[in-house]
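One letter stands for each residue in the lines below.
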Amino acid sequence: MNQTIDETISLETKKVDVAFSSAYRLLHPKQVVLVSCIDSTGKANVITLAWCMPASIHPPLLVISIAPKRYSHKLIEEAKEFVVNIPAMNLVKETLFCGRRTGRKHDKFKETQLTPLPAKIVQPPIIKECVAHLECRLHQQTTTGDHTLFIGEILAAYADEGIFDGKYNIHKTKPIYHMGGDDFTTLIPEITSPHIELNRNGK
Ligand SMILES: Cc1cc2nc3c(=O)[nH]c(=O)nc-3n(C[C@H](O)[C@H](O)[C@H](O)COP(=O)(O)O)c2cc1C
């Protein structure tokens, strides 16, 4: 394997301690999602989340991690349904807004002019301007320190035509990645597909 300049430098680079309070940011940039949820009257809210990941393929489960002080925490706990919407870079301002304002005081759909559209199965709306949507029903929740993991069963999943064919077409959509604070980045359209030899067991 070719040794790149970066690898040569890293052999001589000193390791510097990172405070526990920012250790999680060593796992960033993380793709950002906009989660829509509803209150008991059906009024919709949106929360920006960087902590979202797949949790199972069969059954299809994903997990979102939300601090109990967020308004959306209460809504998801009560309504037991939510939609994970995938924004692209054209929505980076709206994404920051939904992550810096609370639905207790703001109508985030109105103030961002994001458009709520009826979901296929669940009560919370999808966000029209997002490129993909995963409708979820709460499967299980568990407390982890100062966050709650909401595990959602994916009941419906769909994307804008032409941007997803088993994988995102990163020439056609620019997902938003959160670095930390108010800083975001995206992917450059470059794909590496390394070839590895398999032994007789296929391993
Ligand atoms: C880019 C970004 C990512 C965020 N990720 C999370 C997260 O993963 N979990 C969480 O609890 N809050 C996260 N937040 C904070 C919430 O989005 C924020 O507190 C929001 O205002 C809560 O809205 P709500 O009170 O209407 O639920 C994030 C904020 C930003 C800007």
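Up top you'll find the structure we're talking about.
Conventions used here
Residues numbered from 1 in each chain as written. Predicted model: local features only at pLDDT ≥ 70, side-chain atom pairs only at ≥ 80, totals over all residues. Heavy atoms only, no water. Salt bridge = Lys/Arg side-chain N within 4 Å of Asp/Glu carboxyl O. Helix = DSSP H or I, 4+ residues; strand = E, 2+ residues; numbered from the N terminus. Buried < 20%, exposed > 50% of the residue type's maximum accessible area, 1.4 Å probe, protein only. Contact = heavy atoms within 4.5 Å. 1 Å grid on protein atoms, 1.4 Å probe; cavity = no way out; pocket = protein on both sides within 12 Å on 5 of 7 lines; lining within 4 Å. Points joined across faces, edges and corners; volume = space filled by probe spheres on them. Nonpolar A, V, L, I, M, F, W, Y, C, P; charged D, E, K, R; others polar. Near = heavy atom within 4 Å. Polar contact = N/O pair within 3.5 Å; in protein donor to acceptor, adjacent residues only side chain to side chain. Sits in = over half its atoms within 2 Å of the grid points.

### Thoughts on the pattern of salt bridges
Once the charged atoms of two side chains with opposite charge are near each other, the side chains can pair. For the structure shown, the criterion picks out three salt bridges. Between Asp182 and Arg100 there is a salt bridge, and its shortest N-O distance comes to 2.9 Å. Taken together, the residues Asp182 in the loop between strand E11 (177-180) and strand E12 (183-185) and Arg100 in the loop between helix H4 (92-98) and helix H5 (108-112) connect sequence positions 82 residues apart. Judged by relative accessible area, Asp182 falls into the partly exposed class, the value being 47%.

### Observations concerning helix H3 (residues 71-79)
Here H3 has its buried residues at Tyr71, Ser72, His73, Leu75 and Ile76. Residues of H3 that are buried in the fold lie against strand E2 (33-38), strand E3 (44-49), strand E5 (61-66), strand E6 (81-86), strand E9 (132-144) and strand E10 (147-159). Lys80 lies just past H3 and shows a positive phi near 60°.

### Looking at the layout of surface pockets
Quantified by volume, the largest pocket comes out at close to 650 Å³. Taken together, 31 residues form the lining of the largest pocket, with Thr48, Leu49, Arg70, Gly99 and Arg100 sitting closest to its centre. Counting residues per element, the ones that place at least two in the lining of the largest pocket are E3, E5, H3 and H4. If one sorts the elements of the lining of the largest pocket by residue count, E3 sits on top with four residues. Taken together, the residues of the lining of the largest pocket break down into 12 nonpolar, 12 polar and seven charged. Empty space within the second largest pocket amounts to approximately 490 Å³. Only strand E4 (52-56), E5, E6, E9 and E10 provide two or more residues apiece to the lining of the second largest pocket. Of the residues assigned to the lining of the second largest pocket, the class counts are 18 nonpolar, three polar and no charged.

### With respect to the site of the ligand
Taken together, 23 residues are adjacent to the ligand, and Thr48, Ser72, Arg101, Thr102 and Gly103 come closest. Separating an oxygen atom of the ligand from a backbone N or O atom of Trp51 is a distance of 3.0 Å. One of the backbone nitrogen or oxygen atoms of Tyr71 is found 3.0 Å away from an oxygen atom of the ligand. Cavity membership is defined here by more than half of the atoms lying within 2 Å of grid points; on that basis the ligand lies in the largest pocket. At the level of secondary structure, the elements contributing two or more residues to the shell around the ligand comprise E3, E5, H3 and H4. The dominant element in the shell around the ligand, judged by the number of residues it contributes, is E3, at four residues. Along the lines of polarity and charge, the residues of the shell around the ligand split into 10 nonpolar, nine polar and four charged.

### Considerations on the environment of His139
Inspection of the secondary structure puts His139 in strand E9. Contact partners of His139, with chain neighbours within four places excluded, come to Leu61, Ile151, Gly152 and Glu153.

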